[in-house]
Amino acid sequence: MLSGKRILLIIGGGIAAYKCLDLIRRLRERGAAVTPVMTRAAAEFVTPLSVSALAGEKVYTDLFDLTDEAEMGHIQLSRVADLVLVAPATADLMAKMAQGMAGDLATTLLLATDTPVMIAPAMNVRMWEHPATQRNLSVLKGDRVSVVGPNEGDMACGEYGPGRMAEPLEIVDAVVGALADGPLRGKRIVVTSGPTHEPIDPVRYIANRSSGAQGTAIAAALRALGAEVVFVTGPADVPPPDGVEVVRVETAREMRAGVLAALPADAAVFAAAVADWRVVGASESKIKKVEGALPTLAFEENPDILAEVSQMSEGRPGLVVGFAAETNDVIENATNKRARKGCDWIVANDVSPATGIMGGTENAVTLISDAGAEAWPRMGKDAVARQLAARIADALV
Ligand code: C5P
């Protein structure tokens, strides 16, 4: 799966460094060669000897090792790899990367490399949630660094929350994904999927019947063609595909924030069934049932994420694809929608109950673009996704 691939593994100084020993084994099991680099702090958590024994290679630790400079300069070390993987990426390493600092071997390699970089952050939950770390994270994403994890759970420091490094097998999946060959390799694509839930109070919400199946299939198909996919999903019935960066949201406003944070991207596919309205002033506590009196709900409009991204004057993805789920005059409504929103393509489908499409496994779509309306035969949602992904690949390369 990874044979012939070389991973430059930069091990940062955090307790999660111990997981790197297993990570190295897993990467090698799949055929990858691993060149380990350790920061000085990393050597406080795991020994260079264990790392080198598992990697079967020398560990690089010091920027000013003249022998290595003669054998293989640090610039070259950073470029012979197919991927530079930073695990664990500590708050400190992320900050240095975001600033472009190069005070030691690890950060110098990261600044000098021209190969894709992936980070697996690991830190205390407060450090992860700190605005400085979140700022650094968005800078790094903007620099096309891909991110795996962190996961939520118990932490070595006794706290609970997001900050645990992704498990070795999750990191391996992300690496396999990042190195997948295909026409979309090196392309970053944002996909929205699923319904949104708009709260009425803490226990009730407004939703729709979207299962997330079509969006999930599209994300998987793009991933299979080698794209780096950021999958921004509402509460869906189906699990997210492997090998994509998952951003879980509930409301339309959270989905908008997730999408904007995932940009820049080469393309964006808006397959989510976003609620058009939300309840004004959702109650903080459960609304009590009062005999004989009905509550009144007032609505306000949700942000139209597709229209906003389509009309961005700066940083608009090169290809923006929207969906139009209609129950009548499908082509006419979808064509008008394309013009109104300003997206490049609209994938239109008839979701009237008789079609069984909403929540079902099949879809019959019409692709509307500059070239007009092209009706595709009814087929499985997976097949629609593969066909759409292939068309996206044609358009981007
Ligand atoms: O306006 P309508 O909901 O029919 O548009 C459907 C398309 O717009 C879909 O691609 C959907 O993902 C996107 N959309 C959005 N934000 C909204 C509403 C719809 O991104 N608030």
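As the structure is a prediction and not an experimental result, all values here were calculated from the model.

Reading the values: the criteria
Residues numbered from 1 in each chain as written. Predicted model: local features only at pLDDT ≥ 70, side-chain atom pairs only at ≥ 80, totals over all residues. Heavy atoms only, no water. Buried < 20%, exposed > 50% of the residue type's maximum accessible area, 1.4 Å probe, protein only. Helix = DSSP H or I, 4+ residues; strand = E, 2+ residues; numbered from the N terminus. Pairing = 2+ DSSP bridges. Right-handed = clockwise from strand over helix to strand, strands pointing away. Near = heavy atom within 4 Å. Polar contact = N/O pair within 3.5 Å; in protein donor to acceptor, adjacent residues only side chain to side chain. Areas by Shrake-Rupley, 256 points an atom, 1.4 Å probe, with all protein chains shown as cover. Nonpolar A, V, L, I, M, F, W, Y, C, P; charged D, E, K, R; others polar. Expected span 1.5 Å × (residues − 1). Phe/Tyr/Trp six-rings, centres within 6.5 Å; stacked < 30°, edge-to-face > 60°. Lys NZ or Arg CZ within 6 Å of the ring centre and 35° of its normal. Core = buried A, V, L, I, M, F, W, Y, C linked by side-chain atoms within 4.5 Å. Contact = heavy atoms within 4.5 Å. Axes fitted to C-alpha atoms, helices over the stretch in contact; angles between N-to-C directions. Parallel < 35°, antiparallel > 145°, perpendicular 65-115°, else oblique. Left-handed = near helix turned anticlockwise from the far one by under 90°. Domains from an automatic or database assignment. Buried area = accessible area lost by both parts, 1.4 Å probe. Salt bridge = Lys/Arg side-chain N within 4 Å of Asp/Glu carboxyl O.

Participant: Could you give an account of the pairing of strand E13 (residues 267-270), with specific residues and numbers?
Facilitator: The side chains of a regular strand alternate, first on one face of the sheet and then on the other. Going residue by residue along E13, you find Ala267 and Val269 tucked away on one face and Ala268 and Phe270 tucked away on the opposite face as well. Alignment of E13 against strand E16 (residues 319-326), held across four bridges, turns out to be parallel. Counterpart to Phe270 in the pairing with E16 is Gly322.

Participant: How would you sum up the pairing of strand E17 (residues 345-350)? Please name residues and give values.
Facilitator: Summarising burial for E17: five of the six residues are buried, a large majority. The parallel pair E16 and E17, bridged by helix H13 (residues 330-341), forms a crossover whose chirality is right-handed.

Participant: Give a description of the site of the ligand that names residues and reports values.
Facilitator: In the region of the ligand, the neighbouring residues are Phe270, Ala272, Val274, Asp276, Pro303, Asp304, Ile305, Leu306, Gly322, Phe323, Lys337 and Lys341. One of the backbone nitrogen or oxygen atoms of Phe270 is found 2.6 Å away from an oxygen atom of the ligand. Within the backbone of Ala272, one N or O atom sits 2.7 Å away from an oxygen atom of the ligand. In the complex, the protein chains occlude 87% of the 440 Å² of accessible area that the ligand would expose alone. The residue inventory of the shell around the ligand, partitioned by class, reads seven nonpolar, one polar and four charged.

Participant: Can you tell me about helix H14 (residues 381-396), naming the residues and giving the values?
Facilitator: For H14, with 16 residues, the first-to-last C-alpha span of 22 Å sits near the 22 Å given by 1.5 Å per residue. Of the positions making up H14, those classed as buried are Lys381, Val384, Ala385, Leu388, Ala389, Ile392, Ala393 and Leu396.

Participant: Account for the packing of aromatic side chains, with residues named and values stated.
Facilitator: Within the structure shown, the criterion is met by one aromatic pair. The ring of Tyr60 has Lys58 sitting right over it, with the charged end atom 5.5 Å from the ring centre.

Participant: Give me the lowdown on the nonpolar core, citing residues and values where you can.
Facilitator: One recurring pattern in soluble globular proteins is that nonpolar side chains are buried together. With 32 residues, the main nonpolar core has Leu27, Leu85, Ile171 and Val175 as its most contacted residues. Sorting the residues of this core by element identifies strand E1 (6-11), helix H1 (19-29), strand E2 (33-38), helix H2 (48-55), strand E3 (83-89), strand E4 (117-121) and helix H9 (168-179) as the ones contributing at least two each. Examining the composition of this core, we find that five residues originate from one element, H9, more than from any other. Excluding residues within four positions of it along the chain, Leu27 makes contact with Leu2, Ala32, Val34, Leu85, Val172 and Val175. By size, the runner-up hydrophobic cluster in this structure holds 31 residues, among which are Val321, Val347, Ile392 and Leu396.

Participant: Describe the sheet that holds E1, listing the residues and the values that go with them.
Facilitator: With respect to topology, five strands assemble into an open sheet ordered E2-E1-E3-E4-E5, the strand pairing being parallel. A single partner strand is all that each edge strand has here, and the edge strands are E2 and strand E5 (146-147). Bridge count between E1 and E2: six bridges; the pairing is parallel. The partner of Leu9 across the bridge, within E2, is Pro36. Against the sheet, H9 makes contact with E1, E3 and E4, and its axis sits at roughly 155° relative to E3, the strand it touches most.

Participant: Before we move on, can you summarise the packing of H1 against H9 with the specific residues and values?
Facilitator: Closest axis-to-axis distance for the H1/H9 pair is 9 Å, and the angle between their directions is 45°. By the angle between their axes, H1 is oblique relative to H9. Of the two elements, H1 crosses H9, and the hand of that crossing is right-handed. For the pair formed by H1 and H9, the contact residues are Lys19, Asp22, Leu23, Arg26 and Leu27 on the first element and Pro168, Leu169, Ile171, Val172 and Val175 on the second. Of the residues belonging to the contact of H1 with H9, the class tally is seven nonpolar, no polar and three charged.

Participant: Quick one: what's the story with the sheet that holds E17, residue by residue and with numbers?
Facilitator: Strand order in the open sheet made by the eight strands is E12-E11-E8-E13-E16-E17-E19-E20, with mixed pairing throughout. Strand pairing shows two members of the sheet lacking a second neighbour, strand E12 (245-248) and strand E20 (372-375), which therefore form its edges. Strand-to-strand twist of the sheet, defined as the mean angle between neighbouring strand axes without regard to direction, takes the value 15°. Looking at chain direction, E16 and E17 are connected through six bridges and run parallel. Bridge pairing links Glu326 to Asp350 in E17. The strands that helix H11 (residues 252-262) touches are strand E8 (188-193), strand E11 (228-233), E12 and E13; relative to E8, the one it contacts most, it runs at about 175°.

Participant: Before we move on, could you go through the domain arrangement of the chain and cite the residues and values that matter?
Facilitator: Segmentation of the chain into domains returns domain 1 (6-178) and domain 2 (188-396). For domain 1 and domain 2, the distance between their C-alpha centres works out to 34 Å. The interface is formed by eight residues belonging to domain 1 together with nine residues belonging to domain 2. It is Lys141, Arg144 and Gly177 in domain 1 that bury the most area against domain 2; as a group they hold 60% of the surface buried on that side. At the boundary of domain 1 with domain 2, the tally comes to two salt bridges.

Participant: Break down unusual backbone geometry for me, citing the residues and quoting the values.
Facilitator: The residue after Gly149, namely Pro150, is reached through a cis peptide bond having omega 0°. Cis peptide bonds are those with omega within 30 degrees of zero, and the linkage from Leu263 to Pro264 qualifies with 5°. One non-glycine residue, Arg144, adopts positive backbone phi at about 70°. Assignment of secondary structure puts Arg144 in the loop between helix H8 (131-142) and E5. Located in the positive-phi region is Asp329, a residue other than glycine, with phi close to 45°. The topology assignment puts Asp329 in the loop between E16 and H13.

Participant: Residue-level account of the side chain of Thr107, with values.
Facilitator: Tracing the chain through its elements places Thr107 in helix H6 (residues 105-112). For Thr107, a relative accessible area of 3% translates into the label buried. Within the structure, the side chain of Thr107 is placed 3.1 Å from the backbone nitrogen of Gly103, a separation counted as a polar contact. Dropping the residues within four chain positions of it, Thr107 is found in contact with Leu93, Lys96, Met101 and Ala102.

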